[in-house]
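Each chain is listed here by its residues.
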Amino acid sequence: MSPILPSPKALDLARQVLRIEADAVLALVDRIDGGFMQALRLILNCHGRVIVSGMGKSGHVGRKIASTLASTGTPAFFVHPAEASHGDLGMITRDDVLIALSNSGESAELLTIVPSIKRQGAKLISMTGNAQSSLAIEADVHLDAAVAQEACPLNLAPTASTTAALALGDALAVALLDSRGFGPEDFARSHPGGSLGRRLLTHVRDVMRVGPAIPAVLADTSLPDAIREISRGGIGMTTVLTPDRRVIGIFTDGDLRRAFASQQDLRTLSIGDIMRREPRTIAPDRLAVEAVEMMEQHQINQLPVVDDRGVLAGALNMHDLFKAKVI
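Thresholds applied
- Residues numbered from 1 in each chain as written.
- Predicted model: local features only at pLDDT ≥ 70, side-chain atom pairs only at ≥ 80, totals over all residues.
- Heavy atoms only, no water.
- Helix = DSSP H or I, 4+ residues; strand = E, 2+ residues; numbered from the N terminus.
- Rg over C-alpha atoms; globule rule 2.2 N^0.38 Å.
- Buried < 20%, exposed > 50% of the residue type's maximum accessible area, 1.4 Å probe, protein only.
- Contact = heavy atoms within 4.5 Å.
- Pairing = 2+ DSSP bridges.
- Right-handed = clockwise from strand over helix to strand, strands pointing away.
- Axes fitted to C-alpha atoms, helices over the stretch in contact; angles between N-to-C directions.
- UniProt positions renumbered as here; feature names shortened; annotations may be inferred.
- Polar contact = N/O pair within 3.5 Å; in protein donor to acceptor, adjacent residues only side chain to side chain.
- Domains from an automatic or database assignment.
- Salt bridge = Lys/Arg side-chain N within 4 Å of Asp/Glu carboxyl O.

We now examine the overall build of the protein. Helices and strands together make up the secondary structure of the protein, namely 15 helices and 11 strands. Taken against the 2.2 N^0.38 rule, which gives 20 Å for 327 residues, the C-alpha radius of gyration of the protein at 31 Å runs more than 25% over that of a compact globule. On the principal axes, the C-alpha backbone points of the protein span a range of 95 × 60 × 40 Å. Classification of the 327 residues of the protein by burial places 43% in the buried group. Intrachain contacts of the protein at a sequence separation of at least 6 include 63% that bridge at least 24 residues.

Before going further, it helps to examine the pairing of strand S1 (residues 50–54). With five of five residues buried, S1 lies mostly within the body of the structure. Neither face of S1 is open: one carries Val-50, Val-52 and Gly-54, the other Ile-51 and Ser-53, and all of them are buried. Two strands pair when backbone bridges link them, and S1 and strand S2 (residues 76–78) are joined in this way by three bridges, in the parallel orientation. By the bridge assignment for S2, Val-52 is matched with Phe-78. Each parallel crossover has a hand, and for S1 linked through helix H3 (residues 56–71) to S2 it is right-handed. One ladder, built from five bridges, connects S1 with strand S3 (residues 97–102); its direction is parallel. Across the sheet, the residue bridging to Val-52 is Ile-99, located in S3.

Below, the discussion takes up the sheet that holds S1. Overall, parallel pairing links the five strands, which are arranged S2-S1-S3-S4-S5 in an open sheet. In this open sheet, the two edge strands, each paired with only one partner strand, are S2 and strand S5 (141–144). The sheet shows a mean angle of 20° between the axes of neighbouring strands, direction not considered. One ladder, built from six bridges, connects S3 with strand S4 (residues 123–128); its direction is parallel.

Further remarks concern the UniProt feature "site: Catalytically relevant" (unreviewed entry) in the protein. Here, UniProt's "site: Catalytically relevant" (unreviewed entry) annotation points to Lys-57, Glu-109, Glu-150 and His-191. Relative to the helices and strands, Lys-57 is located in helix H3. In this structure Lys-57 comes out as partly exposed when scored by relative accessible area, which is 49%. Contact partners of Lys-57, with chain neighbours within four places excluded, come to Pro-158 and Thr-162. Mapped onto the fold, Glu-150 is located in the loop between S5 and helix H7 (160–180). Discounting residues that sit within four places of it in the chain, Glu-150 has contacts with Ile-20, Asn-103, Asn-155, Leu-156, Ala-157, Pro-158, Thr-159, Ala-160 and Ser-161. A distance of 3.0 Å separates a polar side-chain atom of Glu-150 from the backbone nitrogen of Ala-160.

On to the domain arrangement of the protein. Domain parsing of the protein yields domain 1 (9–182) and domain 2 (204–324). Just the C-alpha atoms count here: the centres of domain 1 and domain 2 sit 57 Å apart.

Tallied over the full model, the rule gives 12 salt bridges. As a salt-bridge pair, Asp-320 and Arg-209 come within 2.9 Å of each other at their nearest N and O atoms. Of this pair, Asp-320 sits in helix H15 (residues 318–323) while Arg-209 is found in the loop between helix H10 (204–207) and strand S6 (216–218), placing the two residues 111 residues apart along the sequence. The shortest N-O distance in the salt bridge between Asp-225 and Arg-228 comes to 2.3 Å. With Asp-225 and Arg-228 both in helix H11 (residues 223–233) and three residues apart, this pair spans about one turn of that helix. Here Arg-228 falls in the exposed class, since its relative accessible area comes to 52%. By sharing partners, the salt bridges in this structure join Asp-255, Arg-258 and Arg-276 into a single network.

Okay, the UniProt feature "domain: SIS" (unreviewed entry) in the protein next. UniProt tags residues 39–182 as "domain: SIS" (unreviewed entry). Within the segment residues 39–182, helix and strand shares are 45% and 17% respectively, and the terminal C-alpha atoms sit 18 Å apart.

The next thing to look at is the sheet that holds S6. Strand order in this open sheet of four strands is S6-S7-S8-S9, and the pairing throughout is mixed. The sheet is open, and its two borders are formed by S6 and strand S9 (276–277), each paired with just one other strand. As paired elements, strand S7 (residues 237–241) and strand S8 (residues 247–252) share five bridges and run antiparallel to each other. Of the residues in S8, the one forming a bridge with Leu-241 is Val-247. Where H11 meets the sheet, its contacts fall on S6, S7 and S8, and the angle it forms with S7 comes to roughly 125°. Its contacts with the sheet place helix H12 (residues 253–261) against S8 and S9, and it is angled at close to 70° to S8.

Written out as structure tokens, the structure reads:
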């Protein structure tokens, strides 16, 4: 059997699809008006949750809109309109706002549940391509997502219309995010498994080495013993402490090389004689990303962790931060 080859006009058609869909989204800009603001007010003053619903391709877009709302500070979930007619309508309360998506605005499954929604007092926001449709007329607020044409050559398959609806949903979510003062820390709390969550929710205490894993010596320790402690610790340095465990210095592999280069008689020196005094430290309750920034700014690879009295609480190096996926 001969292989099927792409149409000679495939590239031109693909470019045309992107232009049509881009134009459909740009056309929405002039429709962000009082109706959009009214929809924002309904959602911001909602005491329940935002329910998103739609059939077919509109349903797939609705699921994404619900997910985006939920991850940006607006509690939301998707309800399938056909399932709603068979019991799932009980998920919607009078305190909720329903966003109903239908390009035609005549989806039978959505129109079936609208009377029940209205009867119990929930608010309805419709997002359709026809401002004169039944769904648009029944809604408390209508968002116009009409497109001049579908990107499909037959002008049948939902393409530009679903792209426009998705973009309008994103506009709604971002406007709500800003109105709620939703920040990076809030986003991280709803994305604890993502890289941003690790960066903003991981503290130094979560990744630092503690107890016997912290390399530490007293100031009167001999250099050979300090070198052995550096090797034992495995992070390229040892902290230098007072008897009451306050950090007064640090000694690293680099310091050792510099000490050899100084041509001093190292056999007569204690670690207190050649340590680096007043080292940079960090508190355990600081964010791990702050430790990364400090290391990068000062071009260091290790940090002692101290409490508010300067007492040693832990230690970490760049490898610990890589392992925790903070970097």
